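Chain by chain, the residues:
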Amino acid sequence: MKISTRGRYALRFMIDLAQHKQDAFTPLKDISERQAISIKYLEQITSLLSKYGLLQSVRGPQGGYKLAREPGQYTVGEILRITEGDLAPVTCLEPNASECERSPACPTRKLWVGFEKIVNSYFDGITLDQLTANPATLDYTI
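Residues numbered from 1 in each chain as written. Predicted model: local features only at pLDDT ≥ 70, side-chain atom pairs only at ≥ 80, totals over all residues. Heavy atoms only, no water.

Asker: Sorry if this is basic, but what is going on with the environment of Leu87 here?
Answerer: Along the chain, the position of Leu87 falls in the loop between α4 (76-84) and α5 (109-124). In this structure, the C-alpha to C-alpha distance between Leu87 and Glu116, residues 29 residues apart in sequence, is 7.2 Å. (Helix = DSSP H or I, 4+ residues; strand = E, 2+ residues; numbered from the N terminus.)

So this is what it looks like as structure tokens:
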């Protein structure tokens, strides 16, 4: 499993909003400059995150983006599943995958199921609040 640029940039974008949390909306230009991510790329990401209700947005001179919820209510897993799709490590575990004829006797199926549980549990256990805290105080080990 490899997290794409879109997933990594979405996390950086959401962390930036959490770090610069204000009552006002943050212009995309400001985030683009702080994160060194093109506005065009951020527009694609914000469109997707807005579609799933993670962001609030306003157009115009005072416009921009802000989190729709408190930072502690967002998990890394939620953000990555929106931007990456399912986090299944193999095709046969993806939603709506056709049943593999080898599945009942597959010697590695339980391995992949266990790995998928660990990945989802890990990412679902980390919030934006934690990612904006002092990195020296955090322990991301399982």
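Asker: Would you mind going over the packing of aromatic side chains with me for this structure?
Answerer: Within a pair of aromatic rings, the relevant descriptors are the distance that separates the centres and the angle that separates the planes. Tallied over the full model, the rule gives three aromatic pairs. Ring geometry for Tyr9 and Tyr41: centres 5.2 Å apart, planes at 65°, overall edge-to-face. Residue Tyr9 is located in helix α1 (residues 5-19), and its partner Tyr41 is located in helix α3 (residues 39-51); the two are separated by 32 residues in the primary sequence. Lying over the aromatic face of Phe25, Lys66 brings its terminal NZ or CZ to 4.7 Å of the ring centre. When the ring centre of Tyr74 is taken as reference, the NZ or CZ atom of Arg69 above it lies at 4.2 Å. (Phe/Tyr/Trp six-rings, centres within 6.5 Å; stacked < 30°, edge-to-face > 60°. Lys NZ or Arg CZ within 6 Å of the ring centre and 35° of its normal.)

Asker: Please clarify how the pattern of salt bridges should be interpreted in this entry.
Answerer: Any two side chains of opposite charge can pair, so long as their charged atoms come close to each other. Within the structure shown, the criterion is met by four salt bridges. Residue Arg34 pairs with Asp16 through a salt bridge whose shortest N-O separation is 2.6 Å. A residue pair is termed long-range when its members are at least 10 positions apart, and Arg34 in helix α2 (residues 28-35) and Asp16 in helix α1 qualify at 18 residues. What makes Asp16 buried here is its relative accessible area of 1%. (Salt bridge = Lys/Arg side-chain N within 4 Å of Asp/Glu carboxyl O. Buried < 20%, exposed > 50% of the residue type's maximum accessible area, 1.4 Å probe, protein only.)

Asker: Help me understand a nonpolar patch on the surface, please; the structure alone is not making it clear to me.
Answerer: On the surface, Met1, Leu111, Trp112 and Phe115 cluster together to form a nonpolar patch covering roughly 390 Å² of accessible area. Tracing the backbone through its elements, the reader meets Trp112 in helix α5. (Patch = residues over 30% accessible without salt bridge, like charges linked within 9 Å, V, L, I, M, F, W, Y side chains within 5 Å. Areas by Shrake-Rupley, 256 points an atom, 1.4 Å probe, with all protein chains shown as cover.)

Asker: What should I look at first to understand α3 in this one?
Answerer: The α-helix winds at 3.6 residues per turn, so residues separated by three or four positions along the chain end up facing the same way. Counted at 1.5 Å a residue, the expected span for α3 with its 13 residues is 18 Å, and the 18 Å between its end C-alpha atoms agrees. Those residues of α3 that fall on the buried side of the exposure criterion are Leu42, Ile45, Thr46, Leu48 and Leu49. Projected down its long axis, α3 shows its buried positions confined to an angular sector of 165°, all on one face. Residues of α3 that are exposed and point over 90 degrees away from its buried face: Lys40, Gln44 and Lys51. Taken from the residues just after α3, Gly53 is the one with a positive phi, measuring 80°. (Expected span 1.5 Å × (residues − 1). Arc of directions from axis to C-beta.)

Asker: Please explain the pairing of strand β2 (residues 64-67) as it appears in this structure.
Answerer: Regular strands place their side chains on alternate faces of the sheet. One ladder, built from four bridges, connects strand β1 (residues 55-58) with β2; its direction is antiparallel. Its bridge partner lying in β2, Val58 is registered against Gly64. Linking two consecutive strands that pair antiparallel, namely β1 and β2, is a turn of five residues; a positive phi of about 110° is found at Gly60 within it. (Pairing = 2+ DSSP bridges.)

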